[in-house]
Amino acid sequence: MAAVIIDGKALAARCKGQVAQEAKRFRTRPGLAVILVGNDPASRVYVTSKRKDCEECGFYSEEFALPAETGQKALLELVDVLNARPEIDGILCQLPLPKGYDYDEQEVLLRIDPSKDVDAFHPANVGKIMIGNYDFLPCTPAGVMEMLEEYGIDPAGKRCVVVGRSNIVGKPQAMLLLHKHGTVTICHSRTPDLASITRQADILVAAVGKVGLITAEMVKPGAVVIDVAMNRNEAGKLCGDVDFAPVAEKASYITPVPGGVGPMTRAMLMKNTLTAAKLHGKE
């Protein structure tokens, strides 16, 4: 029997609608600042979509498009200015920063006020996530958890396998599943016999960035398969890490690419910006 397709696009629209309704009650509009350094086409698409999301939610937004050669010092000075501006509740610096220039991404992330860190990348926020007492969650893992909840998929007592160990997705995803009482295994590029582990997963999250990495032979019958990756195949078509059609015949639930986790990532950014505005007393 074919898997149920988890509709991230529809769920994201509902989430943003709820955020917009809540934001209407605020004394002052939540505000988001997005910094884009350089002219990476994919980053430009993401930034444009975030501006549209802010409009849908009734947020104030500003975009700072900087030349690739701006430099670390000027970028940090901009972050300092945004940290001090009360109308800005969230600051997002689009990564990666341009190659070939002297940028230190970690220093930039550290410079953002943790109460405005709506990506939840600052070590202070990462630490709060570890202990389960957090203000913000990283947008992509948070989106995955919302999808599981929406479809009645409870990680408690389940074997959960996360393929990928990035600070942005893999590690926090594993922690959130653990907080929901899943038994979690993290796999990565040095994991031997990956398939033997993924076949044990009741919930399998793929977050590597390698086209077709997860095949049907690597999936347990009836597993929930969450494809976080956004890749392009040889034909230029957008796809994930999962060989979708064969895996969909074997799984119980599966996310498509596009239309799965991606829209939820954007919706969670709006939710985090709303939370930041609450922290800043705008409610």
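Rules and cut-offs
- Residues numbered from 1 in each chain as written.
- Predicted model: local features only at pLDDT ≥ 70, side-chain atom pairs only at ≥ 80, totals over all residues.
- Heavy atoms only, no water.
- Helix = DSSP H or I, 4+ residues; strand = E, 2+ residues; numbered from the N terminus.
- Rg over C-alpha atoms; globule rule 2.2 N^0.38 Å.
- Buried < 20%, exposed > 50% of the residue type's maximum accessible area, 1.4 Å probe, protein only.
- Areas by Shrake-Rupley, 256 points an atom, 1.4 Å probe, with all protein chains shown as cover.
- Lys, Arg positive; Asp, Glu negative; His and termini not counted.
- Charge placed at Lys NZ, Arg CZ, Asp CG, Glu CD.
- Contact = heavy atoms within 4.5 Å.
- Pairing = 2+ DSSP bridges.
- Polar contact = N/O pair within 3.5 Å; in protein donor to acceptor, adjacent residues only side chain to side chain.
- Core = buried A, V, L, I, M, F, W, Y, C linked by side-chain atoms within 4.5 Å.
- 1 Å grid on protein atoms, 1.4 Å probe; cavity = no way out; pocket = protein on both sides within 12 Å on 5 of 7 lines; lining within 4 Å.
- Points joined across faces, edges and corners; volume = space filled by probe spheres on them.
- Nonpolar A, V, L, I, M, F, W, Y, C, P; charged D, E, K, R; others polar.
- Axes fitted to C-alpha atoms, helices over the stretch in contact; angles between N-to-C directions.

### Observations concerning the overall build of the protein
Here's step 1: Helix and strand counts for the protein come out as 10 helices and 11 strands.
Here's step 2: Here the C-alpha radius of gyration of the protein, 19 Å, is about what a compact globule of 283 residues would show, namely 19 Å.
Here's step 3: Within the span of the protein, comprising 283 residues, buried residues form 51% of the whole.
Here's step 4: For the protein, the computed accessible surface area is about 13200 Å², with 54% contributed by carbon and sulfur atoms.
Here's step 5: Side chains of the protein give 33 positive and 34 negative charges; the mean places of these two sets differ by 2 Å.

### A closer look at the environment of K210
Here's step 1: Mapped onto the elements of the fold, K210 is located in the loop between β7 (203–206) and β8 (224–227).
Here's step 2: With 42 residues separating them in the primary sequence, K210 and I168 have C-alpha atoms 16 Å apart.
Here's step 3: Here K210 is in contact with N231, G240 and D241, once residues within four sequence places are set aside.

### Considering the sheet that holds β7
Here's step 1: With parallel pairing, the 6 strands of this open sheet are ordered in space as β1-β11-β8-β7-β5-β6. Each edge of the open sheet carries a strand with a single partner, namely β1 (4–5) and β6 (183–187).

### Points about helix α7 (residues 170–179)
Here's step 1: Of all 10 residues making up α7, 7 are buried, and the element is well covered by its neighbours.
Here's step 2: Among all positions in α7, only G170, P172, Q173, A174, M175, L176 and L177 are buried.
Here's step 3: On its buried face, α7 sits against α5 (123–131), α6 (139–150), β5 (159–163), β6 and β7.
Here's step 4: Once α7 ends, the next one or two residues include H181, with phi positive near 70 degrees.

### Section: the side chain of K282
Here's step 1: Take K282: it is sitting in the segment after α10 (261–279).
Here's step 2: Its relative accessible area of 7% is what places K282 among the buried residues.
Here's step 3: Engagement of the side chain of K282 in a polar contact is seen with the backbone oxygen of P86, the distance being 3.2 Å.

### Considerations on the nonpolar core
Here's step 1: Among the nonpolar cores identified, the biggest contains 49 residues, and F59, L148, I226, V228 and M270 are the most heavily contacted of them.
Here's step 2: In terms of residue count, α10 provides more of this core than any other element does, 9 residues in total.
Here's step 3: Those residues in contact with L148 that lie beyond four places of it in its chain are I153, P155, L177, V224 and I226.

### Considering the layout of surface pockets
Here's step 1: Put simply, the second largest pocket is a space of about 420 Å³.
Here's step 2: As for the second largest pocket, its lining consists of 19 residues, and the residues nearest its centre are Y134, L137, M145, E146 and K180.
Here's step 3: Looking at the lining of the second largest pocket, the elements that each hand over two or more residues are α6, α7 and α10.
Here's step 4: It is α6 that contributes the most residues to the lining of the second largest pocket, 5 residues altogether.
Here's step 5: For the lining of the second largest pocket, a count of residues per class yields 10 nonpolar, 3 polar and 6 charged.

### Remarks on the sheet that holds strand β2 (residues 31–37)
Each strand in a sheet pairs with its neighbour through backbone hydrogen bonds, running either in the same direction (parallel) or in the opposite one (antiparallel).
Here's step 1: If you walk across this open sheet you meet the 3 strands as β3-β2-β4, and the pairing is parallel. In this open sheet, the two edge strands, each paired with only one partner strand, are β3 (60–66) and β4 (90–93). Each strand of the sheet is rotated relative to its neighbour by a mean of 15 degrees, with strand direction disregarded.
Here's step 2: Direction of pairing for β2 relative to β3: parallel, over a ladder of 7 bridges. Within β3, the residue paired with V37 across the bridge is L66.
Here's step 3: The sheet contacts of helix α2 (residues 41–57) involve β2, β3 and β4, and relative to β3 the element is tilted by about 165 degrees.

### Thoughts on the environment of G143
Here's step 1: With respect to the helices and strands, the residue G143 is situated in helix α6.
Here's step 2: Spatially, the C-alpha atom of G143 lies 33 Å from that of G71, the residues being 72 residues apart in sequence.

### With respect to unusual backbone geometry
Here's step 1: A cis amide bond links L95 to the next residue, P96, at an omega of 5 degrees.
Here's step 2: Along the chain, P96 turns up in the loop between β4 and α4 (105–111).
Here's step 3: Backbone torsion omega between V257 and P258 reads 0 degrees, so that peptide bond is classified as cis.
Here's step 4: Locating P258 in the fold gives a position in the loop between β11 (253–254) and α10.
Here's step 5: Despite not being glycine, H181 has its phi angle at roughly 70 degrees, a positive value.
Here's step 6: Note on placement: H181 falls in the loop between α7 and β6.
Here's step 7: Positive phi values are uncommon outside glycine, yet D193 reaches one of about 50 degrees.

Geometric values such as these leave the question of function open.
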